[in-house]
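Residues per chain are reported as follows:
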Amino acid sequence: MMKKALAIILALILPALAWGQAQINTKKVKLGDFTRKITKVVLSGNEFFDMALQNEVTMGWRISPYEFCTMKEFEEYKTSEDFYFLLSVNGRFKKDNAPTITYLTLVKGGEGAKDGISKMLEVVSIPVASAKYPSGREIVFLPALLDIIQSYTLMSMENDVNAYGGLNTITKKIDKNSGLTAVFAEEDICQSVYQMENIVLNDDEVLITDEESADSYMMDRADNTLVGYVVAPSEPMPGAVYYKMLIHARTYQLYYFAQAKVSKKEGAGFMPADIRKIHTAISTHRP
């Protein structure tokens, strides 16, 4: 009788213990110490990019104490759970012969680092530029990308939906805002966009302009303006992965984030479906 009662008690308690253990091990909980730990910003050795990264981190990193370090120092400290690391990583997908996209990646130190960066706890990764031939636009968008990383990290500390859901979980809804204009560089637009019907390009809702003018909206922190940014391989072969983003020039909030594959016919860039969705959301809520 006692054995039976003990078995019943264990049957009731063990699932609760297992559930409690599962909660302890969630990503949200693992990130709970982030603001108290030092984030080591790893310099890549690319003098041009490192100078910009140091400047923007100094100006805009606000969510944790930080230090700059070299790749050699990263290798020394990466197994320590006392540190988080922000570093640039070149990513390669299964069909790629070489790395195609450079990401800014925030990871937590730990024993898994012995087996490579991919085995570390990833907080967030955001595409920055072509791995082979960066265009230079990444320097213009770097302040915004760092801000997005910080916003996502803080929201991941609040709940596991964000922590596991990726950058799409923090995109703001265009249709919740009014008076916005979406600006795109010509280089980021697929040619079929110009054949779209029932949409007037270059008006108060969608503006397609040259790259320098588009970037000036970001640099000037223009109000009520969303600026498009495409991160793609420098030689975009059909099927290669690339990314499309729409970022508020003043607030640096992410309004659109999509991963796509290079079209054989169109190449890489914002497609008619993207523009139509963005245009509809803006025009419907314009005052």
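Because the structure is predicted, anything quoted here is derived from the model rather than measured.

Scoring rules and cut-offs
- Residues numbered from 1 in each chain as written.
- Predicted model: local features only at pLDDT ≥ 70, side-chain atom pairs only at ≥ 80, totals over all residues.
- Heavy atoms only, no water.
- Core = buried A, V, L, I, M, F, W, Y, C linked by side-chain atoms within 4.5 Å.
- Buried < 20%, exposed > 50% of the residue type's maximum accessible area, 1.4 Å probe, protein only.
- Helix = DSSP H or I, 4+ residues; strand = E, 2+ residues; numbered from the N terminus.
- Contact = heavy atoms within 4.5 Å.
- pLDDT = per-residue confidence, 0-100.
- Phe/Tyr/Trp six-rings, centres within 6.5 Å; stacked < 30°, edge-to-face > 60°.
- Lys NZ or Arg CZ within 6 Å of the ring centre and 35° of its normal.
- Pairing = 2+ DSSP bridges.
- Axes fitted to C-alpha atoms, helices over the stretch in contact; angles between N-to-C directions.

Colleague: Outline the nonpolar core, listing residues and values.
Modeller: In terms of nonpolar packing, the biggest core is built from 45 residues, with Leu-167, Met-218, Met-245 and Ile-247 touching the most fellow members. Secondary structure elements with two or more residues in this core: α3 (47-60), β3 (83-91), β4 (101-108), β5 (121-130), α5 (137-156), β8 (225-231), β9 (241-248) and β10 (254-261). Looking at this core, the element that brings in the most residues is α5, giving 9 residues. If near-sequence neighbours (up to four positions away) are discounted, Met-245 is found in contact with Ile-126, Pro-127, Leu-145, Val-227, Gly-228, Tyr-229, Val-231, Leu-254, Tyr-256, Phe-257 and Phe-270. If you look at the next biggest cluster of nonpolar residues, it comprises 28 residues, including Leu-246, Tyr-255, Ala-260 and Ile-278.

Colleague: So what about the confidence of the model for the chain? Which residues, and what values?
Modeller: For the chain, the mean per-residue pLDDT works out to 88, and 87% of the residues sit at or above 70. When the criterion is pLDDT under 50, residues 1-14 qualifies, and its contacts beyond four places in sequence or with other chains add up to 1 contact. Low pLDDT (under 50) marks residues 16-22, which in the prediction has 0 contacts with non-local residues, meaning those over four places away or in another chain.

Colleague: Report on the packing of aromatic side chains, specifying residues and quantitative values.
Modeller: Pairs of aromatic rings are described using the distance from one ring centre to the other and the angle between the two planes. Considering all chains together, one arrives at 10 aromatic pairs under this definition. Note on Tyr-103 and Tyr-243: the rings are 5.8 Å apart at their centroids and 85° apart in plane angle, and the pair reads as edge-to-face. With Tyr-103 in strand β4 and Tyr-243 in strand β9, this pair connects stretches of sequence that are 140 residues apart. Connected via pairs of aromatic rings, a cluster forms that spans Phe-74, Tyr-77, Phe-83 and Phe-85. The cationic tip of Lys-40 hangs over the ring face of Tyr-77; the distance from NZ or CZ to the ring centre is 4.9 Å. If you follow Lys-40 out to its NZ or CZ, it ends over the ring of Phe-83, 4.8 Å from the centre.

Colleague: For the sheet that holds strand β6 (residues 181-185), give the residues involved together with the corresponding values.
Modeller: Taking strand neighbours across the sheet as the criterion, the 5 strands line up as β7-β6-β8-β9-β10 in an open arrangement whose pairing is mixed. Looking along the sheet, the strands with just one partner apiece sit at the ends: β7 (206-209) and β10. The sheet shows a mean angle of 20° between the axes of neighbouring strands, taken without regard to direction. Lying over the sheet, helix α7 (residues 211-219) contacts β6, β7, β8 and β9, oriented at roughly 135° with respect to β6.

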